[in-house]
Amino acid sequence: MNQAHTLSSSRPQVPDNKASVNKASTNIDSPPHQNIKPGARRFCVAPMLDRTDRFCRYFFRQISREAFLYTEMITTGAILHGDQDRHLSFDEAEHPVAVQLGGSNPEDLARSARIAENYGYAEVNLNCGCPSDRVQAGRFGACMMKEPDLVADGVKAMRDAVSVPVTVKCRIGVDDSEHYDFVRDFIGTVTDAGCDTFIIHARKAWLKGLSPKQNREVPPLDYPLVYRLKQDFPELEIIINGGITTLAQASEHLQHVDGVMLGREVCQNPWMLAGVDKQFYSAQQTDLQTNLNANYDIQDTPDTQNTQVALTRDAVVEVMLSYAEAELSRGARLQHIIRPMLNLYQGQPNGRRFRRYLSENAHKADAGVGVLAAALETIQPAAISAEA
């Protein structure tokens, strides 16, 4: 599937080899997943419902070539009984990317994991951290921490079904489980089933009395508890999540654990990803940057200052213009494609104008790539006019 749809001779093209992965293009006997390199999960972007869809992940990938990306949580029911292509198709350019599953039935988890592997995902992650009522009603998410043997059965079933890593995302506790022993024993039980990577949200899950939004702020975070888990399980890969808002904070956590995961902050300030490759992966100039032959600049936000030479925001928008044109031709809506881009120019001159223009126009039924091009003109009208 060719993504090289050019809007003008001066606009960069999306590389031809970045084809969308779908069920028809995968070989059940030889999944096209990528092997995970050692240290690949040093910096992860969290799975977020209604956020980290394929459009969002493709956009993030234009800013960081190394950050490890995750899908939204996808339930086993949606995979086994729904539109698999809609839930699982993705662009190869998104790699490295993992799928997060929601479910508790070991057989369903195994079948879903195998299907996801056939789509090419590099990892299967089991959600044992979401506290929402809807998730609890399905007997998965954070409530599964109360049933470690069930989680272990699910992990073992998935490991038997796939060759890619199977990981678990969980909390440090549930409801009134105040003791370190609770999460330690949970980790130990699931480790015995073959899981060696845990993403741990350093806050307890409250299953009653708090909304998921409230549970993102209370009860307080307990980072030392996660550090202690790494000390007690040195052979495991421990990734810390929760309340991390800067790359400097991420670096501090990496003195104690193997990786960090950020969520909302990346959505609110996606350009922070511009500092990730250099700071956490010692990345050199990327192939995509070379292909675009774009101008480079030192990042200008305090969190990424002097950490990486990277593509300009304008060059990222140019890539997304070509990507949007291709996706629109397949029936996508512009408002879904550009949603993760709204905060790209946060804190920059005319950044609010860029966001406002997209917010006011991208939802219209006839909205096309011209809306995104016009939004870019609100940032640098003189430069865009000179190219015309």
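See the structure shown above.
Residues numbered from 1 in each chain as written. Predicted model: local features only at pLDDT ≥ 70, side-chain atom pairs only at ≥ 80, totals over all residues. Heavy atoms only, no water.

> Please give an account of the nonpolar core that cites residues and values.
Of all hydrophobic cores here, the largest spans 120 residues; its most connected members are Phe 43, Val 168 and Ile 187. Considering every element that reaches this core, the biggest residue donor is helix 13 (residues 313-329), with eight residues. Other than its neighbours up to four places away in sequence, Val 168 contacts Asn 125, Leu 126, Cys 128, Val 155, Phe 186, Val 190, Cys 195, Thr 197, Phe 198 and Ile 199. (Core = buried A, V, L, I, M, F, W, Y, C linked by side-chain atoms within 4.5 Å. Buried < 20%, exposed > 50% of the residue type's maximum accessible area, 1.4 Å probe, protein only. Helix = DSSP H or I, 4+ residues; strand = E, 2+ residues; numbered from the N terminus. Contact = heavy atoms within 4.5 Å.)

> Pulling in residues and values, what's your account of the packing of aromatic side chains?
Under the criterion given, the structure shown has seven aromatic pairs. Note on Phe 55 and Tyr 323: the rings are 6.5 Å apart at their centroids and 70° apart in plane angle, and the pair reads as edge-to-face. Residue Phe 55 is located in helix 1 (residues 54-63), and its partner Tyr 323 is located in helix 13; the two are separated by 268 residues in the primary sequence. Classification of Phe 55 as buried rests on a relative accessible area of 9%. Clustering of aromatic rings is evident, with ring pairs tying together Phe 55, Tyr 58 and Tyr 323. Taking NZ or CZ as reference, Arg 41 lies 5.6 Å from the ring centre of Phe 68, over its face. One Lys or Arg, Arg 228, reaches over the ring of Tyr 180 and ends 3.8 Å from the middle of that ring. (Phe/Tyr/Trp six-rings, centres within 6.5 Å; stacked < 30°, edge-to-face > 60°. Lys NZ or Arg CZ within 6 Å of the ring centre and 35° of its normal.)

> Can you tell me about the pattern of salt bridges, naming the residues and giving the values?
With the rule as written, the count across this model stands at 13 salt bridges. Here Lys 156 makes a salt bridge to Asp 160, at a shortest N to O gap of 2.9 Å. Separated by four residues within a single helix, Lys 156 and Asp 160 lie in helix 6 (residues 148-161), roughly one turn from each other. The exposed category is assigned to Asp 160, whose relative accessible area is 58%. A salt bridge links Glu 327 to Arg 330, with the nearest nitrogen and oxygen atoms 2.9 Å apart. (Salt bridge = Lys/Arg side-chain N within 4 Å of Asp/Glu carboxyl O.)

> Help me get a handle on the sheet that holds strand 7 (residues 166-171), residues and values and all.
Read across the open sheet, the eight strands follow the order 2-10-9-8-7-6-5-3; overall the sheet is parallel. Each of the sheet's edge strands pairs with one partner strand only, and the pair in question is strand 2 (43-45) and strand 3 (69-75). The mean angle between the axes of side-by-side strands here comes to 25°, regardless of whether they run parallel or antiparallel. Strand direction decides the pairing type here: strand 5 (residues 97-102) and strand 6 (residues 124-128), joined by three bridges, are parallel. If you follow Gln 100 over to strand 6, its bridge partner there is Asn 125. (Pairing = 2+ DSSP bridges. Axes fitted to C-alpha atoms, helices over the stretch in contact; angles between N-to-C directions.)

> Kindly report on the pairing of strand 6, identifying the contributing residues and their values.
The element strand 6 is largely enclosed, with a buried count of five among its five residues. Because side chains alternate across strand 6, one face comprises the buried residues Val 124, Leu 126 and Cys 128, and the other comprises Asn 125 and Asn 127, equally buried. A crossover links strand 5 with its parallel partner strand 6, the connecting element being helix 4 (residues 106-119), and its sense is right-handed. Of the strand pairs in this sheet, strand 6 and strand 7 are connected by five bridges, and their pairing is parallel. Looking across to strand 7, one finds that Asn 127 is bridged to Lys 169. (Right-handed = clockwise from strand over helix to strand, strands pointing away.)

> Which residues make up helix 4, and what are the values?
Spanning 14 residues, helix 4 covers 20 Å between terminal C-alpha atoms, matching the ideal 20 Å at 1.5 Å per step. In this structure Asn 105 caps helix 4, since a side-chain oxygen of it lies 3.0 Å from the backbone nitrogen of Glu 107. Looking one or two places after helix 4, you find Gly 120, whose phi comes out positive at around 110°. (Expected span 1.5 Å × (residues − 1). Polar contact = N/O pair within 3.5 Å; in protein donor to acceptor, adjacent residues only side chain to side chain.)

> So what about the pairing of strand 7? Which residues, and what values?
Summarising burial for strand 7: six of the six residues are buried, a large majority. Sheet topology note: the strand 7/strand 8 (residues 197-201) ladder contains four bridges and is parallel. Bridge pairing in strand 8 places Val 168 opposite Phe 198.

> How would you sum up the packing of helix 15 (residues 351-361) against helix 16 (residues 369-377)? Please name residues and give values.
In the contact formed by helix 15 and helix 16, the axes pass within 8 Å of each other and the chain directions differ by 160°. As the angle between them shows, helix 15 and helix 16 are arranged roughly antiparallel. Crossing geometry of helix 15 relative to helix 16 is assigned as right-handed. On helix 16, the residues that touch Phe 354, Tyr 357, Leu 358 and Asn 361 of helix 15 are Val 371, Leu 372, Ala 374, Ala 375 and Leu 376. Here the contact of helix 15 with helix 16 is composed, by residue class, of eight nonpolar, one polar and no charged. (Parallel < 35°, antiparallel > 145°, perpendicular 65-115°, else oblique. Left-handed = near helix turned anticlockwise from the far one by under 90°. Nonpolar A, V, L, I, M, F, W, Y, C, P; charged D, E, K, R; others polar.)

> Help me get a handle on unusual backbone geometry, residues and values and all.
Of note, the bond from His 95 into Pro 96 is cis; its omega dihedral lies within 30 degrees of zero at 0°. Although it is not a glycine, Asp 50 sits at a positive phi angle of roughly 60°. Of note in this structure, Asn 350 is not a glycine but carries a positive phi near 65°. If you trace the backbone, Asn 350 turns up in the loop between helix 14 (334-338) and helix 15.

> Got a sec to walk through the environment of Val 174? Specific residues and values, please.
Counting through the fold element by element, Val 174 comes out in the loop between strand 7 and helix 7 (180-192). Put simply, Val 174 and Arg 203 are 29 residues apart on the chain and 9.0 Å apart in space, counted from C-alpha to C-alpha. Sequence-distant contacts of Val 174, defined by excluding residues within four places in its chain, comprise Ala 142, Met 145, Lys 146, Phe 182, Lys 204, Ala 205 and Leu 207.

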